[in-house]
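# A structural walkthrough
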Amino acid sequence: MASLYIPVWVLLTQILMHFAKTGAKVPAIIVFGDSSVDAGNNNVISTLLKSNFQPYGRDFFGGRPTGRFSNGRIPPDFISEAFGLKPSVPAYLDSMYSISDFATGVCFASAGTGYDNATSDVLNVIPLWQEVEYYKEYQNKLRAYLGRRKANRVLSGALYLVSLGTNDFLENYYIFPQRQSQFTVEQYQDFIVGLSGNFLREIYSLGARKISLTGLPPMGCLPLERSTNLFGHECVEDYNKVALEFNGKLKGLVKKLNEDLPRLKLVFTESAYDAIYQIIKKPTSYGFDVARVACCSTGTFEMSYLCSKINPLTCTDANKYVFWDAFHPTERTNKIIVDNIIGLLLKEFNN
Ligand SMILES: *[C@@H]1O[C@H](CO)[C@@H](O)[C@H](O)[C@H]1NC(C)=O
């Protein structure tokens with residue numbers, strides 16, 4: 001008989017744990033940015049920068065190419081899962097999903113975009129201001145779906161992931177003369193940090209309170225940039241230096257905004273840069289064989305339509321490669337990056 005007896009405190013603990021799980025601290029993940037976090041919004045716009053075809057997505061659920069620029073999942077997917085939400089965050093413009101799906105996670109990001117309007121013009125993708133317009137439309141839909149009070153609770157409790165900036169430098173500043181004639185690279189960094197501040201203040205004014213901001217990766221080590229380096233395809237250290245300087249300035253912005261804006265919790269995921277840099281410098285320590293070139297095709301310049309299924313050179317096991325195409329990490333790299341920052345995010349936001 002004694003073995004059937006369940007102490008009251010065990011029941012209570014179980015009930016409390018149940019509530020802790022279902023009464024999610026972060027009810028939704030809301031994503032702004034570029035290809036580092038785009039879940040497929042570019043599929044429905046007229047741009048050449050797409051990835052909704054094989055071999056993209058071959059390691060995603062069902063081997064499905066979704067428009068994510070990887071062989072599998074991207075960081076917001078892993079972050080969503082770690083917060084007890086869905087294992088993938090759907091793209092707002094994907095007609096397969098509706099507001100019932102978006103109520104727990106939605107992605108407004110667009111591959112190729114930047115903080116600078118001139119950057120999104122290059123490949124005709126969604127400018128950041130337009131991502132914000134979609135977010136406003138989403139707010140209205142969410143209020144109609146959940147009711148105003150509940151929707152506002154979701155919007156203020158949600159974790160906002162913001163990840164962009166690389167394209168402002170690599171697709172715009174260093175390629176076209178317009179910005180270079182206006183700004184030195186230091187001045188351009190300041191210009192972009194200013195735009196980042198404007199954007200963060202705007203989503204704050206619309207109700208965002210928990211924001212994770214990601215800076216630039218060691219962008220001189222992306223295979224595409226390495227392949228242009230005539231010195232033995234080493235990382236372009238000048239670009240890495242610019243990225244580190246820029247991240248330092250973003251960190252200053254984050255400190256200021258946290259002081260200026262009441263009840264804002266803005267976290268800068270500073271360790272992402274180092275995590276990626278370590279993986280690239282010591283790939284074998286992380287179980288990778290190759291960091292210099294990407295899995296897809298020759299791995300030196302192909303992405304989007306150039307990374308196609310008919311190319312016989314594409315590697316068979318993407319887990320052995322740090323990069324999937326010449327500009328984007330493999331799923332396994334994405335997972336390691338998230339493993340590196342998730343402790344910080346859970347500590348800061350899951351309350
Ligand atoms: C970018 O374009 C939008 C829409 O035309 C405009 O409202 C915004 O001021 C522009 N931003 C900058 C920094 O020029």
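Residues numbered from 1 in each chain as written. Predicted model: local features only at pLDDT ≥ 70, side-chain atom pairs only at ≥ 80, totals over all residues. Heavy atoms only, no water.

## Topic: the overall build of the protein chain
The cut-off we apply is this: A run of DSSP states H or I qualifies as a helix once it reaches four residues; a run of E qualifies as a strand once it reaches two. Both are numbered from the N-terminal end. The globule rule is 2.2 Å times the number of residues to the power 0.38, and the radius of gyration it is compared with is taken over C-alpha atoms. Whether a residue is buried, partly exposed or exposed follows from its accessible area with a 1.4 Å probe, protein chains only, as a fraction of its type maximum: under 20%, in between, or over 50%, in that order.
Regarding its fold elements, the protein chain presents 13 helices and 7 strands. Relative to a compact globule of 351 residues, whose C-alpha radius of gyration would be 20 Å, the protein chain shows 21 Å and is just as compact. Projected onto its principal axes, the C-alpha positions of the protein chain cover 75 × 45 × 35 Å. The burial tally for the protein chain puts 54% of its 351 residues in the buried class.

## Here's the deal with the nonpolar core
Which entries qualify depends on this criterion: Buried Ala, Val, Leu, Ile, Met, Phe, Trp, Tyr and Cys residues form a nonpolar core when they are joined through side-chain atoms within 4.5 Å. Contact definition: two residues touch when any of their heavy atoms are within 4.5 Å.
If you look at the biggest cluster of nonpolar residues, it comprises 107 residues, and the most contacted ones within it are Ile30, Ile79, Tyr138 and Leu200. Beyond its immediate sequence surroundings of up to four residues, Ile30 is in contact with Val106, Phe108, Tyr135, Tyr138, Leu155, Ala158, Leu159, Tyr160 and Leu161.

## Observations concerning the site of the ligand
Using the following cut-off: Being near a molecule or strand, for a residue, comes down to having at least one heavy atom within 4 Å of it. N or O atoms within 3.5 Å of each other form a polar contact, as long as, within protein, one can give a hydrogen and the other can take it, and as long as residues adjacent in sequence are counted only when both atoms are side-chain atoms. We get accessible surface area from the Shrake-Rupley algorithm with a probe of 1.4 Å; when it comes to residues, only the shown protein chains can shield them.
Around the ligand, the neighbouring residues are Asn117, Trp129 and Leu195. Contact distances for the ligand include 2.3 Å between an oxygen atom and a side-chain N or O atom of Asn117. Within the side chain of Trp129, one N or O atom sits 3.5 Å away from an oxygen atom of the ligand. Here the ligand, which alone exposes 360 Å², has 36% of that area covered by the protein.

## Some points on the sheet that holds strand S3 (residues 159–163)
The condition that has to hold: Should DSSP find at least two bridges between two strands, the strands are regarded as paired. Helix axes are fitted to C-alpha atoms over the stretch in contact, other axes to C-alpha atoms as well, and angles between N-to-C directions run from 0 to 180 degrees.
Overall, parallel pairing links the 5 strands, which are arranged S2-S1-S3-S4-S5 in an open sheet. The open sheet terminates on both sides in strands that have one partner only, identified here as strand S2 (105–107) and strand S5 (265–268). For this sheet, the mean inter-axis angle between neighbouring strands, taken without regard to orientation, is 15°. Where strand S4 (residues 210–214) and S5 come together, 4 bridges link them in parallel fashion. Its bridge partner being in S5, Leu213 is matched across the sheet by Phe268.

## Observations regarding the pattern of salt bridges
Let me state the cut-off plainly: The rule for a salt bridge is simple: a side-chain nitrogen of Lys or Arg has to be within 4 Å of a carboxyl oxygen of Asp or Glu.
Enumeration over the complete set of coordinates arrives at 19 salt bridges. Here Asp317 ties to Lys320 by a salt bridge, and the two come within 3.3 Å at their closest N and O atoms. On the accessibility criterion, Asp317 (31% relative accessible area) is partly exposed. Because the salt bridges share partners, they merge into one network encompassing Glu133, Lys136 and Glu202.

## Things to note about unusual backbone geometry
Going from Gln54 to Pro55, the amide bond is cis rather than trans, its omega being 5°. Along the chain, Pro55 falls in the loop between strand S1 (29–33) and helix H2 (75–82). The phi torsion at Arg263 lies on the positive side, around 65°, for a residue other than glycine. The residue Arg263 is located in the loop between helix H11 (237–260) and S5 in this model. Of the residues examined, Arg263 reaches a relative accessible area of 71% and is grouped as exposed. Although it is not a glycine, Ser297 adopts a positive phi angle of roughly 60°. Within the secondary structure layout, Ser297 lies in the loop between helix H12 (271–281) and strand S6 (323–325).

## A few points about the packing of helix H7 (residues 166–173) against helix H9 (residues 185–205)
Quick reminder of the rule: Note on terminology: angles under 35 degrees are roughly parallel, angles over 145 are roughly antiparallel, angles of 65 to 115 are roughly perpendicular, and the others are oblique. For any pair of crossing helices, the crossing counts as left-handed if the nearer helix is rotated counterclockwise from the farther one by less than a right angle, and right-handed if it is rotated clockwise. In this classification, Asp, Glu, Lys and Arg are treated as charged, Ala, Val, Leu, Ile, Met, Phe, Trp, Tyr, Cys and Pro as nonpolar, and every other residue, Gly included, as polar.
With their axes 11 Å apart at the nearest point, H7 and H9 run at an angle of 135° to one another. Here H9 runs oblique to H7, going by the angle between their axes. The element H7 and its partner H9 pack so that their crossing is right-handed. Judged by residue contacts, Asp168, Phe169, Asn172 and Tyr173 of H7 engage Val185, Tyr188, Gln189 and Ile192 from H9. Taken together, the residues of the contact of H7 with H9 sort by class into 5 nonpolar, 2 polar and 1 charged.

## Notes on the packing of aromatic side chains
Formally: Any pair of Phe, Tyr and Trp rings, taking the six-membered ring for Trp, is counted once the centres come within 6.5 Å. Such a pair is stacked with planes under 30 degrees apart, edge-to-face with planes over 60 apart, and tilted for the rest. By definition, being over a ring means that NZ of Lys or CZ of Arg is both within 6 Å of the ring centre and within 35 degrees of the ring normal.
Taken as a whole and assessed by the stated rule, the structure comprises 26 aromatic pairs. Summarising the aromatic geometry, the rings of Tyr56 and Phe69 are spaced 5.7 Å apart at their centres and angled 70° between planes, so their arrangement reads as edge-to-face. Of this pair, Tyr56 sits in the loop between S1 and H2 while Phe69 sits in the loop between S1 and H2, and the two are 13 residues apart along the sequence. The pair Tyr56 / Phe69 is uniform in exposure class, with both members buried. Ring plane angle 70° and centroid distance 5.1 Å describe the contact between Phe60 and Phe61, whose orientation is recorded as edge-to-face. Given the relative accessible area of 42%, Phe61 is considered partly exposed. The residue whose ring lies beneath Arg209 is Tyr204, and the NZ or CZ to ring-centre distance is 3.9 Å.

Any link to function would need more than the numbers given here.
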